[in-house]
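Each chain, letter by letter, is given below.
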Amino acid sequence: MANSKYEYVKREFEFNRQLPASNWIVLRIDGCHFHRFSELHAFEKPNDESALGLMNACATSMLKKYNDIVFAYGVSDEYSFVFREETELYKRRESKILSLCVSYFTSVYMMKWKDFFPNNDLKEPPYFDARVVCYPNMKTVRDYLAWRQVDCHINNQYNTCFWMLIQSGKTENEAYQALKGTSSKDKNKLLLQQFQINYNDESAMFRKGSSVYRDKVKTDDYGNPIKRTRQATIVSNFDIIGPEFWEKHQYILGKASDCQYLWGKEKYGYEYVKKFVNIPRSPCSNWTIVRISACQFDQFSLIHSFDKPNDETALRLMNASASLMMEQFPDIIFGYGFNNEYSFVFQENTELYKREESSIISSCSSCFTSFYIMKWEEYFPSIPLVQPPHYKAEVLCCPKPTTVCDYLFRRQSECHNRNQYNTCFWMLVKSGEGENKAKEILKDTLPKDKNELLFQRFQMNYNNEPAMFRKGSCAYRQKCKWVQVGEFAEVEANGDVTRERWDVAVAHVDMGPDFWRKHPYVFNR
């Protein structure tokens, strides 16, 4: 589609923000609706050790995948990842760092769930949002981490008191009133006098959170001593507010002397650290489009033996995930997908996450990942998921529906071009041509040439290929009539009650003017 009349959509409306050079990048991932998720899965209160262990395992996997992450700190349902200041990961593109990291974290969370909850099935897919903040120096990074650990202590001390009061018979409102206005000292006194609990004896993981970093050790993965030193990813629960940890681990962020800390005089709090937070928002009265596409999908499809050039089951799994996305996010009015990508159009007046781009990008990427993994066994019952899928996401804003239609038509044209090429390529490969030879044969060929090649060499009419392969998949809501039979329904003469509702439909059609004339409610519902 290079130099086509639709190319302006990418050039003028897609964002491509690069994070400033020579800054430390901090990515913070937070669970979405985790209060409900923890109740649904019966997490222990105030802390569930297995749930925290699962979060730590995800963070460990992140450090193993991304070498540029030098330190991670987590508490409850959040984790912060510090990237070295000179990182060139994804060319420092904000959307790719946000979406791919949170998607990978989500994948690992779901794939490791059974390791930590063998008797507790996932009842709904977890997902996370994320934001990226750039800090100009080591001092500010350590201030940020200190702030998160102070927050961990404050929240955990309060929650420990709150849930001990609840478990002793108080209502939630009574527990809230009992703790209102109490100091840290008051809470320690309450725990000791009423429940014989010394707060300082509580697990360090609960009180201090978890730090994940690389270190040299002389033990194997099982703790047995070995002769040679090796690098391992460590999970610890130390104090990272004071200087001791950083003086012992100067290789993580740099020398302590470079920080010029005034110990005892620093104030850790959001009022200071938030100066560096920049939250871009999508412009009002614009149609927001989020395009999600799989990362390293060639490798993923090879490992899981997907059919070439198209795997119908894999495409139906993508469509099922897109349908669930539209149910999860009512502000999505339309979806279009092919191969390993899906675009979601949000209504122009959406206030999802107050139109914060980072939250929209990360939550969509994470949620789609969750749905994909959760539905995997339904579509591939005999193929175990052995590699965590993860997706990048990009956002663009269109000022009017015609621009949205041009974008979607551009994606459908790209679907046709790719599928026609891939169909020819894999037919040549399956006929005995090498991959390099197949590329040479197809070099500089026009669509007409490819159609002739398929027909003459393989007696294949390209236009008879399944529409899902050639045109992709459109997901949108349409009115459906359904029949309700119930004790309290107003029953018609035939004994049934007919009602209307909006259901998600998936179709494989041309998105030309005729489609939009037949479906005007997509933009106007």
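Reading the values: the criteria
Residues numbered from 1 in each chain as written. Predicted model: local features only at pLDDT ≥ 70, side-chain atom pairs only at ≥ 80, totals over all residues. Heavy atoms only, no water. Axes fitted to C-alpha atoms, helices over the stretch in contact; angles between N-to-C directions. Helix = DSSP H or I, 4+ residues; strand = E, 2+ residues; numbered from the N terminus. Left-handed = near helix turned anticlockwise from the far one by under 90°. Contact = heavy atoms within 4.5 Å. Nonpolar A, V, L, I, M, F, W, Y, C, P; charged D, E, K, R; others polar. Disulfide = S-S within 2.5 Å. Buried < 20%, exposed > 50% of the residue type's maximum accessible area, 1.4 Å probe, protein only. Core = buried A, V, L, I, M, F, W, Y, C linked by side-chain atoms within 4.5 Å. Salt bridge = Lys/Arg side-chain N within 4 Å of Asp/Glu carboxyl O. pLDDT = per-residue confidence, 0-100. Phe/Tyr/Trp six-rings, centres within 6.5 Å; stacked < 30°, edge-to-face > 60°. Pairing = 2+ DSSP bridges.

Draft legend 1. The packing of helix α16 (residues 401-430) against helix α18 (residues 447-458), seen in detail. Packing of α16 against α18 leaves a shortest axis separation of 10 Å and a crossing angle of 35 degrees. By crossing handedness, the relation of α16 to α18 is classed as left-handed. When α16 is examined against α18, the residues Gln420, Tyr421, Thr423, Cys424, Met427 and Leu428 are found in contact with a partner set consisting of Pro447, Lys450, Asn451, Leu453, Leu454, Arg457 and Phe458. Of the residues in the contact of α16 with α18, the class split is eight nonpolar, three polar and two charged.

Draft legend 2. Focus on the state of the cysteines. Under the criterion given, the structure shown has zero disulfides. Cys415 forms no disulfide, and the closest cysteine sulfur to it belongs to Cys474, at a distance of 9.6 Å. Owing to a relative accessible area of 2%, Cys415 belongs among the buried residues under this scheme.

Draft legend 3. Seen up close, the nonpolar core. By size, the foremost hydrophobic cluster in this structure holds 77 residues, and its most contacted members are Phe81, Tyr109 and Met325. The residues contacting Tyr109, other than those within four sequence positions of it, are Phe34, Phe37, Phe43, Leu54, Met55, Cys58, Pro126 and Phe128. Membership of the second largest hydrophobic core comes to 22 residues, among which are Val404, Cys405, Val522 and Phe523.

Draft legend 4. Focus on the pattern of salt bridges. Going through the model one piece at a time under the given rule, you end up with 19 salt bridges. Glu341 serves as the salt-bridge partner of Arg411, at 2.9 Å between the closest nitrogen and oxygen. Of this pair, Arg411 sits in helix α16 while Glu341 sits in strand β9 (residues 341-346); the two residues are 70 residues apart in sequence, bridging distant segments of the chain. Considered together, Arg411 and Glu341 belong to a single accessibility category, that of buried residues. We note a salt bridge from Glu341 to Arg418, for which the minimum N-O separation is 4.0 Å. Separated by 77 residues along the polypeptide, Glu341 in strand β9 and Arg418 in helix α16 bring together distant segments of the chain. For Glu341, a relative accessible area of 4% gives the class buried. Of the residues examined, Arg418 reaches a relative accessible area of 29% and is grouped as partly exposed.

Draft legend 5. Region of interest: the confidence of the model for the protein chain. Mean pLDDT for the protein chain: 90, with 88% of residues reaching 70 or above. In the predicted structure, residues 260-269 sits below a pLDDT of 50 and forms 19 contacts with residues beyond four places in sequence or in another chain. For the stretch residues 487-493, pLDDT sits under 50, and the model shows six contacts to residues farther than four places along the chain or on other chains.

Draft legend 6. The packing of aromatic side chains, seen in detail. Taken as a whole and judged by the stated rule, the model has 51 aromatic pairs. Seen from their ring centres, Tyr109 and Phe128 are 5.5 Å apart, and the 70 degrees between their planes marks the pair as edge-to-face. Placement of the pair is Tyr109 in helix α4 (residues 94-111) and Phe128 in strand β4 (residues 128-135), with a sequence separation of 19 residues. Residue Tyr109 is classed as buried on the basis of its relative accessible area, which comes to 0%.

Draft legend 7. The arrangement of the sheet that holds β4 in detail. With respect to topology, six strands assemble into an open sheet ordered β4-β1-β3-β2-β5-β6, the strand pairing being antiparallel. The open sheet terminates on both sides in strands that have one partner only, identified here as β4 and β6 (225-236). Mean inter-strand twist for the sheet, computed between neighbouring axes without regard to direction, equals 20 degrees. Where strand β1 (residues 24-31) and β4 come together, eight bridges link them in antiparallel fashion. Along β4, the bridge assignment pairs Gly31 with Phe128.

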